[in-house]
Amino acid sequence: MKNYFNFDKHGTTYRKEFIAGLTTFLSMAYILFINPSVLGETGMDKGAVFTATALAAAYGTLFMGLVAKYPIALAPGMGLNAFFTFSVVLGMGIPWQTALSGVLLSGLIFIAITIFKIRETIINAIPVELKYATACGIGLFIAFIGLKSAGIVVSNEATFVGLGHLTKPDTLLAIFGFIVTILMVVRGVRGGIFYGMVITAVVGMIFGLIDTPSKIVGSVPSLAPTFGEAFTNFDKVFTPHIIVVVLTFFFVDFFDTAGTIMAVASQAGIMKENKLPRAGRALLADSSAIVVGATLGTSSTTAYIESASGVAAGGRTGFTSVVTGLFLLLALFFSPLLVVVTPAVTAPALIVVGVLMVGVLGKIEWEKLEIAVPAFLTIIAMPLTYSIATGIALGFVMYPVTMLVKGRAKEIHPIMYVLFVIFVCYFAFLVE
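Being a predicted model, the structure only gives us computed values, none of them experimental.

## Some details on the overall build of the chain
Line of reasoning, step 1. Helix and strand counts for the chain stand at 19 helices and 4 strands.
Line of reasoning, step 2. Here the chain has a C-alpha radius of gyration of 21 Å; the compact-globule value for 432 residues is 22 Å, and the two agree.
Line of reasoning, step 3. Taken over the C-alpha atoms alone, the chain extends approximately 60 × 60 × 45 Å along its principal axes.
Line of reasoning, step 4. Restricting to contacts in the chain with at least 6 residues of sequence separation, those with at least 24 account for 80%.
Line of reasoning, step 5. Put simply, the chain shows about 18100 Å² of open surface, and 67% of that area lies on carbon and sulfur atoms.
Line of reasoning, step 6. Here the chain contributes 25 positively and 21 negatively charged side chains, and the mean placements of these two sets differ by 11 Å.

## Considering the packing of aromatic side chains
Line of reasoning, step 1. Scanning all chains against the criterion turns up 14 aromatic pairs.
Line of reasoning, step 2. Judged by centre distance (5.8 Å) and plane angle (40 degrees), the ring pair of Phe 33 and Phe 50 falls under tilted. With a gap of 17 residues between them, Phe 33 in helix α3 (residues 31-39) and Phe 50 in helix α4 (residues 46-68) connect regions that are remote in the sequence.
Line of reasoning, step 3. Residue classification places Phe 33 among the buried residues on the basis of a relative accessible area of 11%.
Line of reasoning, step 4. Consider the rings of Phe 396 and Phe 423, whose centres lie 5.7 Å apart with planes at 70 degrees: the pair is edge-to-face. With a gap of 27 residues between them, Phe 396 in helix α18 (residues 388-405) and Phe 423 in helix α19 (residues 414-430) connect regions that are remote in the sequence.
Line of reasoning, step 5. A relative accessible area of 1% places Phe 423 in the buried class.
Line of reasoning, step 6. A connected cluster of aromatic rings, assembled from ring pairs, spans Tyr 4, Phe 5, Phe 7, Tyr 14 and Phe 319.

## Things to note about the environment of Phe 178
Line of reasoning, step 1. Among the structural elements, Phe 178 can be located in helix α9 (residues 169-186).
Line of reasoning, step 2. Residue classification places Phe 178 among the partly exposed residues on the basis of a relative accessible area of 27%.
Line of reasoning, step 3. Taking the C-alpha atoms as reference points, Phe 178 and Pro 348, 170 residues apart in sequence, are found 4.4 Å from one another.
Line of reasoning, step 4. Those residues in contact with Phe 178, other than ones at most four positions away along the chain, are Pro 348, Ile 351 and Val 352.

## Points about helix α16 (residues 343-357)
Line of reasoning, step 1. The first and last C-alpha atoms of α16 sit 20 Å apart over 15 residues, in line with the 21 Å expected at 1.5 Å per residue.
Line of reasoning, step 2. Here α16 lies mainly inside the structure; 11 of its 15 residues are buried.
Line of reasoning, step 3. Looking at α16, one finds that the buried residues are Ala 344, Val 345, Thr 346, Ala 347, Pro 348, Ala 349, Leu 350, Ile 351, Val 352, Val 353 and Gly 354.
Line of reasoning, step 4. Among the structural elements, α3, α8 (128-150), α9 and α10 (192-206) are those in contact with the buried residues of α16.

## Here we look at the confidence of the model for the chain
Line of reasoning, step 1. Here the chain averages 86 in pLDDT, and 94% of its residues register 70 or above.
Line of reasoning, step 2. Predicted confidence in the chain is weakest over helix α7 (residues 119-125), with a mean pLDDT of 68, and strongest over α4, with 95.

## Let's talk about the pairing of strand β2 (residues 153-156)
Line of reasoning, step 1. Sheet topology places β2 next to strand β3 (residues 160-163); 4 bridges connect them, and they run antiparallel. What sits directly across from Val 153, in β3, is Leu 163.

## Overview of the nonpolar core
Line of reasoning, step 1. Core analysis: the largest hydrophobic core is formed by 101 residues, its most contacted members being Tyr 30, Met 78 and Phe 84.
Line of reasoning, step 2. Sort the elements by how many residues they give to this core and helix α12 (residues 240-267) lands first, with 9 residues.
Line of reasoning, step 3. Every residue in contact with Met 78, bar those within four places of it in the chain, is listed here: Tyr 30, Ile 31, Ile 34, Ile 142, Tyr 304, Leu 350 and Val 353.
Line of reasoning, step 4. Ranked by size, the runner-up nonpolar core spans 17 residues in total, among them Ile 261, Ala 268, Ala 285 and Ala 308.

What counts and what doesn't
Residues numbered from 1 in each chain as written. Predicted model: local features only at pLDDT ≥ 70, side-chain atom pairs only at ≥ 80, totals over all residues. Heavy atoms only, no water. Helix = DSSP H or I, 4+ residues; strand = E, 2+ residues; numbered from the N terminus. Rg over C-alpha atoms; globule rule 2.2 N^0.38 Å. Contact = heavy atoms within 4.5 Å. Areas by Shrake-Rupley, 256 points an atom, 1.4 Å probe, with all protein chains shown as cover. Lys, Arg positive; Asp, Glu negative; His and termini not counted. Charge placed at Lys NZ, Arg CZ, Asp CG, Glu CD. Phe/Tyr/Trp six-rings, centres within 6.5 Å; stacked < 30°, edge-to-face > 60°. Buried < 20%, exposed > 50% of the residue type's maximum accessible area, 1.4 Å probe, protein only. Expected span 1.5 Å × (residues − 1). pLDDT = per-residue confidence, 0-100. Pairing = 2+ DSSP bridges. Core = buried A, V, L, I, M, F, W, Y, C linked by side-chain atoms within 4.5 Å.

Okay, structure coming up:
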């Protein structure tokens, strides 16, 4: 094992790799409880989603560790699960089974373009400003969902939204959780988001706001309610509505995974002459995990930026991911804790994740209006229209227009014109 992962070459040890793997697990463990909560809004069985989340994350992470040998973990992505639930199922009225079929199709497309090495071409075609804008917009959207779940932001007939009743017990608990979580994150506590959820849940139980679980360890919830449902409606994904959904799943995960792998690999010193060794294997881990996850019953799986915490703790090889993957499998036996994961517990985590995602806002060239306008529309439309797809569509439609008017037509990749046509059709025929 030591020779397989080249410990000596990377200057690491079993102890360092184990601590790094545990650190990554603690940093991302919140998704095991937040994902069932988010997808459960669609009517999906939370127990089945919990099991699907853990298994899909474990599969992708172990594949990444054993085959690609990268210290990067994978799990169903924040933002992608919000799009699945609030935009596709609740917003468009598409059954969750059909939405899973869309996830499955996007994963199959990922596998195909990975095998034929098309992924890099598409990455290069999308302007970096729109990539940043997409990440920021999703961050705001997630934070908005968290604020709404906490009762901090509520509907208002006069102004659409307004400040909620902050003295309500559940809202006070969410505010407490946010303060605790943000203090730990600011202090650099590894796994701060996860620990914030734990502390919030414990305080909620002490004050009688959250039911106390009858046990901590239990049997693994059955996958029966969601397993294979992605195949039952697969014939329905080849319609205009669902194709746009599939494209959105595709693009969001596309940028998220590429950016995360590049960032974490660079931090770990894996990059060689600005290139990723074994890049094909790493991308295949991501794309195959999407197919596995959709089959089991969860939204798109992606590389987790929380892996950076494990690298910071000393992780340098795929053994870090192996450790993380094993902890994800062990977590399957802690499903009884799902009862304590209420909106007041998850809301602080959603808000903090939103804060972290908008960190690239300053990298957008705001002084150049031909870039600022499409970027701004992408960002602002996601929370205001409650749709990630609409934000992406607006940005991709406006970008070629502003660049052409500015006289920068030569900088527009041909693929962007194709996307322009696709999203114009989206607005013309699909938006009611």
